[in-house]
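# Reading the structure
In case you want the letters, here they are:
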Amino acid sequence: MRPKLIFLILLFSWAKPFCQTSQQDSSLIISLEKAKQLRLNDEYQSSLNILETIRGNADFQALSCEDQLNYYYNVGANYYYLDLLSEALVYWKDTALHQATQCWNIRHPEVGYYHYVIGIVHGGLNEYEEQAFHFEQSLSIQEGQAAADALDLADLM
């Protein structure tokens, strides 16, 4: 009987941190969704405030690659809509683009999308050579997709 009791105690102690991590991860996911909804409702500063608390959470690194990418995208989008283009560029170009290539690969459509939004920001900053470079990267990726939408390709061209 005693070995069973010790086994159950050990099993409970091993499972407890796993359950806590799952709860913390899910609360971060809920916060990410709340921040996204605030952004979609044009409440950019409120969204940024929530995102700041997420980044400060010790469990941020435990989020999936896609969830971390979602975080970086939303921070950049909030800055973009607040007309803080340089800050948006930092999150989209220096962080989200790198994260997207880590999640998938450099030819993935999501990576093409990041090149596209980065090109838009460069245009807003009157950096037309950089804008053209990122639009060309996006176009190159989109052209390589089997289900490429002709209208999207025309827009990029």
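Residues numbered from 1 in each chain as written. Predicted model: local features only at pLDDT ≥ 70, side-chain atom pairs only at ≥ 80, totals over all residues. Heavy atoms only, no water.

## Thoughts on the overall build of the chain
On a plain count of helices and strands, the chain comes out with seven helices and zero strands. Starting at the N terminus, the α and β elements of the chain follow one another as α-α-α-α-α-α-α. Counting all 157 residues of the chain, 34% fall into the buried class. A sequence separation of at least 24 residues applies to 51% of the contacts in the chain between residues at least 6 apart. Summed over all atoms, the accessible surface of the chain reaches about 9,700 Å², with 56% contributed by carbon and sulfur. (Helix = DSSP H or I, 4+ residues; strand = E, 2+ residues; numbered from the N terminus. Buried < 20%, exposed > 50% of the residue type's maximum accessible area, 1.4 Å probe, protein only. Contact = heavy atoms within 4.5 Å. Areas by Shrake-Rupley, 256 points an atom, 1.4 Å probe, with all protein chains shown as cover.)

## A short note on the packing of aromatic side chains
Overall, the coordinates contain 13 aromatic pairs when judged by the stated rule. Considering the side-chain rings of Phe-60 and Tyr-71, the 5.0 Å spacing of their centres and the 70° angle between planes classify their relative orientation as edge-to-face. Remark: Tyr-71 occurs in helix α3 (residues 65-81) and Phe-60 occurs in the loop between α2 (44-55) and α3; sequence separation between them is eleven residues. Grouping aromatic residues by their ring pairs yields a cluster made of Tyr-44, Tyr-73, Tyr-80, Tyr-81, Trp-92, Tyr-113 and Tyr-114. (Phe/Tyr/Trp six-rings, centres within 6.5 Å; stacked < 30°, edge-to-face > 60°.)

## Regarding the pattern of salt bridges
Enumeration over the complete set of coordinates arrives at one salt bridge. The salt bridge involving Glu-130 is made with Lys-93; its shortest N-O contact spans 3.0 Å. Placement of the pair is Glu-130 in helix α6 (residues 128-143) and Lys-93 in helix α4 (residues 85-103), with a sequence separation of 37 residues. Note on Lys-93: relative accessible area 27%, which makes it partly exposed. (Salt bridge = Lys/Arg side-chain N within 4 Å of Asp/Glu carboxyl O.)

## Some details on the packing of α3 against α4
It is at 8 Å that the axes of α3 and α4 come closest, and there the two elements cross at 160°. When the interaxial angle is binned, α3 and α4 end up roughly antiparallel. In the packing of α3 onto α4, the handedness of the crossing is left-handed. Across the interface between the two elements, Cys-65, Glu-66, Gln-68, Leu-69, Tyr-71, Tyr-72, Tyr-73, Val-75, Gly-76, Ala-77, Tyr-79 and Tyr-80 from α3 touch Leu-85, Glu-87, Ala-88, Tyr-91, Trp-92, Thr-95, Ala-96, Gln-99, Ala-100, Gln-102 and Cys-103 from α4. Tallied by class, the residues present in the contact of α3 with α4 amount to 16 nonpolar, five polar and two charged. (Axes fitted to C-alpha atoms, helices over the stretch in contact; angles between N-to-C directions. Parallel < 35°, antiparallel > 145°, perpendicular 65-115°, else oblique. Left-handed = near helix turned anticlockwise from the far one by under 90°. Nonpolar A, V, L, I, M, F, W, Y, C, P; charged D, E, K, R; others polar.)

## With respect to the environment of Leu-82
Structurally, the position occupied by Leu-82 is in the loop between α3 and α4. Sequence separation between Leu-82 and Glu-43 is 39 residues; the distance between their C-alpha atoms is 9.7 Å.

## Considering the state of the cysteines
One pass over the full model with this rule turns up one disulfide. Each sulfur of the disulfide joining Cys-65 and Cys-103 lies 1.9 Å from the other. The sign of the -105° torsion about the S-S bond sets the Cys-65-Cys-103 disulfide as left-handed. Of this pair, Cys-65 sits in helix α3 while Cys-103 sits in helix α4; the two residues are 38 residues apart in sequence, bridging distant segments of the chain. With relative accessibility at 16%, the residue Cys-103 sits in the buried group. (Disulfide = S-S within 2.5 Å.)

## Some details on the nonpolar core
Counting 28 residues, the largest nonpolar core has Leu-51, Ile-54, Tyr-71, Trp-92 and Tyr-114 as the members making the most contacts within it. For this core, the secondary structure elements donating two or more residues are α1 (2-40), α2, α3, α4 and α5 (109-124). Dropping the residues within four chain positions of it, Tyr-114 is found in contact with Leu-69, Tyr-73, Trp-92, Ala-96, Leu-97 and Ala-100. (Core = buried A, V, L, I, M, F, W, Y, C linked by side-chain atoms within 4.5 Å.)

## Notes on the confidence of the model for the chain
For the chain, mean pLDDT is 82; residues scoring 70 or higher make up 76% of the total. Counting interchain partners and residues more than four positions distant, the pLDDT-below-50 stretch residues 7-24 has one contact. (pLDDT = per-residue confidence, 0-100.)

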